[in-house]
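# Remarks on the overall topology
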Amino acid sequence: MKSRKTVVSIIGLGYVGLCTAVTFASRGIKIIGIDVDRKRVEQLQKGEAPIYEPKLDGMLKIAVKKGLFQASDDISLVSSSGVIFLTVGTPSQGDGSIDLTFIKNATDSLGKSLRQDDDYHVVVVKSTVVPGTTNNVVRPSLEDSSRKKIGKELGLCANPEFLREGTAIEDALNPDKIVIGSNDKKSTEELTKLYRRFYGSRRSSLFTMSPEAAELVKYASNAFLATKVSFINTIANIAERTSGVDVGVIADAIGSDPRIGKLFLKAGPGYGGSCFHKDLQALINYSQRRGYDPLLLHATEEINENQAMRVVDIAEELLGSLLEKRVSVLGLAFKRDTDDIREAPSLRVIEKLKQRGAQVVAYDPMAMPNTKAKLGDSIDYARNILGAIEGTDCAVIMTEWDAIRKLKAKDFKEYMRSPNVVDARKVYDPKAFRQIRYAAVGLGPLVPDCE
Ligand SMILES: NC(=O)c1ccc[n+]([C@@H]2O[C@H](COP(=O)([O-])OP(=O)(O)OC[C@H]3O[C@@H](n4cnc5c(N)ncnc54)[C@H](O)[C@@H]3O)[C@@H](O)[C@H]2O)c1
């Protein structure tokens, strides 16, 4: 490869594409970023991040200033790069399968733009796609549109992404693994060379395999993590029925066993975000189509859906009835440090609160614009956190933002009409909340039961 191969293209500048772009740029690799969303491209050209992610804005500004990040909607620019990542969305369809429209469109325009180009490029599918997509969808589409042979004139790899929103930059800089699936050695070598250039001696474990195996690694990973969340929520529901038990204590104890591990053992309102539900549904659909119904994954999803109901039940148990009660929902993003509300448990809880007749007033430090765009005027929005609890009958803690963590029992007592707190994230110390009515997911009755 020539020296210009340290120019990398990224097609699709959402959470994954953009965070990948700025981290590459931070190590001196020039990025051509392509997106079909003109408004997004214009914002990026000015060095403004269209999404919230810690460190992203600062790193983007530096990359643009140094000329290491160029955003455009002109896909022909990618021909100057050796490695071209596809990071477009793969949303869920009604039956759980993934919608490959963005992948197909991006692949088709990419192939056409490479038609007249004689250089070798490796196309890397970083989007999450079910096993077989790289070989059976991307490959023929790319060969057809570029009129080039994969494995000869073009390379092709599946290289799933494991970064987490909220810590995406950190994760992209320090991944625990790199998974590369390919049919030919040259594609793997070229991509490995790029990662070696990027990570240097700090390179994490590299796993090379078939594209199908790489695609399945991503689904297996998310299915396992989601199942871990539903598992601890199951234990939380048992703990709530057991006097003197806090599920956090159970999680700490079992998590100390290295076979179990501490992470993803936090009971709460259930998982959310753009990936877990979508990926589980896709894996269930993929598996069913091949004659196997994955019961464990159905249970994981059902437990998750019920967990939002459980949060609302706790609120109802505290208040007696939710009818015409004013309820603050504190935190809307599916986790802290992101503005993403896709599949956020807060949305499920809000819907159920409304079904039971409550009036909802919501607040989030970052996710208000996204929530307003989705829910419109079906709920009220507070300007700040104290405004959100003022005059309400119940506060439901849905995201573990620092601003929410910092509230004290006396704040709820002073501002609320009747101070009832449902701590769905377990951010407060129950002992410090004795002066108000407080309940948390996974917290058993404080009075011993009589059995
Ligand atoms: N968000 C995550 O935390 C995460 C983590 C790991 C993997 N993934 C996977 O990565 C993929 C991308 O996820 P995301 O959250 O970044 O999506 P996103 O919706 O935030 O961004 C996708 C971007 O692709 C752009 N796009 C669509 N069609 C295009 C085309 N033809 N050409 C150029 N740009 C196009 C869209 O305008 C958008 O900006 C998905 O498959 C997702 O499952 C996401």
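Owing to the predicted nature of the structure, the values given are computational and were not obtained by experimental measurement.

Moving on: the overall build of the protein chain. Along the backbone of the protein chain there are 16 helices and 14 strands. Scaling as 2.2 N^0.38, a compact globule of 451 residues should have a C-alpha radius of gyration of about 22 Å, and the protein chain matches this with 24 Å. Projected onto its principal axes, the C-alpha coordinates of the protein chain cover approximately 75 × 50 × 40 Å. Sorting the 451 residues of the protein chain into buried and exposed places 47% on the buried side. Summarising the internal contacts of the protein chain: among those between residues at least 6 apart in sequence, 73% fall at separations of at least 24.

All right, on to the domain arrangement of the protein chain then. In many reports, interface size means the accessible area that the parts give up when they come together. With domains assigned, the protein chain is organised as domain 1 (3-209) and domain 2 (221-440). Each of domain 1 and domain 2 has a C-alpha centre, and the two are 33 Å apart. Residue composition of the side of domain 1 that touches domain 2, grouped by class: eight nonpolar, five polar and three charged.

In this fold, phenylalanine 102 is placed in helix α4 (residues 101-114). For the pair formed by phenylalanine 102 and glycine 12, sequence separation is 90 residues and the distance between their alpha carbons is 9.2 Å. With residues near it in sequence (within four places) discarded, phenylalanine 102 still touches Val88, Gly89 and Thr90.

In this structure, lysine 55 is a non-glycine residue whose phi angle is positive, near 75 degrees. On the secondary structure map, lysine 55 appears in the loop between α2 (38-45) and α3 (56-65). A positive phi angle, close to 60 degrees, is found at glutamate 324, a residue other than glycine.

The next subject is the confidence of the model for the protein chain. Caution is warranted with low-pLDDT regions, since their predicted coordinates should not be read in detail. Residue-level pLDDT values for the protein chain average 95, and 97% of them are 70 or greater. Below pLDDT 50 for its whole length, residues 1-5 participates in four contacts with residues either more than four positions away or in separate chains.

With that settled, the discussion passes to the site of the ligand. In the vicinity of the ligand lie 26 residues, with Gly12, Gly14, Val16, Ser127 and Thr128 positioned nearest. At the level of secondary structure, the elements contributing two or more residues to the shell around the ligand comprise α1 (15-26) and α4. Each residue belonging to the shell around the ligand can be placed in one class, and the counts come to eleven nonpolar, ten polar and five charged.

Quick look at the packing of helix α8 (residues 211-239) against helix α10 (residues 276-289) now. Their axes nearest at 9 Å, the elements α8 and α10 cross at an angle of 115 degrees. Where α8 crosses over α10, the handedness of that crossing is left-handed. Across the interface between the two elements, Tyr219, Asn222, Ala223 and Ala226 of α8 pack against Phe276, Asp279, Leu280, Ala282 and Leu283 of α10. Its residues placed into classes, the contact of α8 with α10 shows seven nonpolar, one polar and one charged.

Taking 1.5 Å per residue, 14 residues should reach 20 Å; α4 reaches 20 Å between its end C-alpha atoms and fits that length. Among the residues making up α4, those that are buried are Ile103, Ala106, Thr107, Leu110, Gly111 and Leu114. Along the axis of α4, the buried residues cluster in a sector spanning 130 degrees; they form a single face.

Okay, the pairing of strand β9 (residues 326-330) next. Across the five residues that make up β9, a large majority, four, are buried. Bridge count for β9 against strand β10 (residues 359-363) is five bridges, and the pairing is parallel. Counterpart to serine 328 in the pairing with β10 is valine 361.

Pairing in this open sheet of eight strands is mixed, and the strands run β3-β2-β1-β4-β5-β6-β7-β8 from one edge to the other. The open sheet has two edge strands with one neighbour each: β3 (69-72) and β8 (205-209). Between one strand axis and the next, the sheet turns through 25 degrees on average, direction left out of account. Alignment of strand β1 (residues 7-11) against strand β4 (residues 83-86), held across four bridges, turns out to be parallel. Residue pairing for β4: isoleucine 11 is matched across the bridge by leucine 86.

For the rest of this paragraph, the subject is the sheet that holds strand β13 (residues 420-423). Overall, parallel pairing links the six strands, which are arranged β11-β10-β9-β12-β13-β14 in an open sheet. This sheet does not close on itself; its edge strands, each paired only once, are β11 (380-381) and β14 (437-440). Helix-sheet contacts for helix α11 (residues 295-319) involve β9, β12 (394-397), β13 and β14, and the interaxial angle to β13 is about 160 degrees.

Our next topic: the packing of α8 against α11. Running from N to C, α8 and α11 cross one another at 50 degrees; their axes reach a closest spacing of 9 Å. In terms of their interaxial angle, α8 and α11 are classed as oblique. Crossing hand, α8 versus α11: left-handed. Note on element contacts: α11 touches α8 through Leu296, Leu297, Thr300, Ile303, Asn304, Gln307 and Arg310, opposite Ala223, Ala226, Thr227, Ser230, Asn233, Thr234 and Asn237.

Here is what the cut-offs are and how they apply
- Within every chain, residues take consecutive numbers counted from 1 along the sequence as written.
- In view of the model being predicted, local features appear only for residues whose pLDDT reaches at least 70, and side-chain atom pairs are presented and counted only at 80 or more, with totals across whole chains, interfaces and linings using the full set of residues.
- Secondary structure elements are taken from DSSP: a helix is a run of H or I of four residues or more, a strand is a run of E of two residues or more, and numbering for both begins at the N terminus.
- The quantity called the radius of gyration is restricted to C-alpha atoms. Its globule counterpart is 2.2 Å times the number of residues to the power 0.38.
- Here a residue counts as buried when 20 or more other C-beta atoms fall within 10 Å of its C-beta, as exposed when 12 or fewer do, and as partly exposed in between; the C-beta atoms come from the backbone.
- We call two residues in contact when the distance between their C-beta atoms, placed using the backbone, is within 7 Å.
- Boundary definitions for the domains trace back to an automatic or database domain assignment.
- Residue polarity follows a fixed list, in which Ala, Val, Leu, Ile, Met, Phe, Trp, Tyr, Cys and Pro are nonpolar, Asp, Glu, Lys and Arg are charged, and the others, Gly among them, are polar.
- Values of pLDDT, the confidence the predictor places in each residue, fall between 0 and 100.
- Whether a residue is near a molecule or strand depends on its C-beta atom, generated from backbone atoms, being within 6 Å of that molecule or strand.
- In this analysis an axis means a line fitted to C-alpha atoms, helices contributing only their contacting stretch, and an angle means the value between N-to-C directions, from 0 to 180 degrees.
- Here is the rule for handedness: rotate from the far helix to the near one, and if that takes an anticlockwise turn smaller than a right angle the crossing is left-handed, while a clockwise turn gives right-handed.
- Multiplying 1.5 Å by the residue count of a helix minus one yields the expected span of that helix.
- This arc is taken over the directions from the axis of the helix to the C-beta atoms.
- Only when DSSP finds a minimum of two bridges between them are two strands counted as paired.
- Every angle not falling under 35 degrees, over 145, or within 65 to 115 is termed oblique; those three ranges are roughly parallel, roughly antiparallel and roughly perpendicular.

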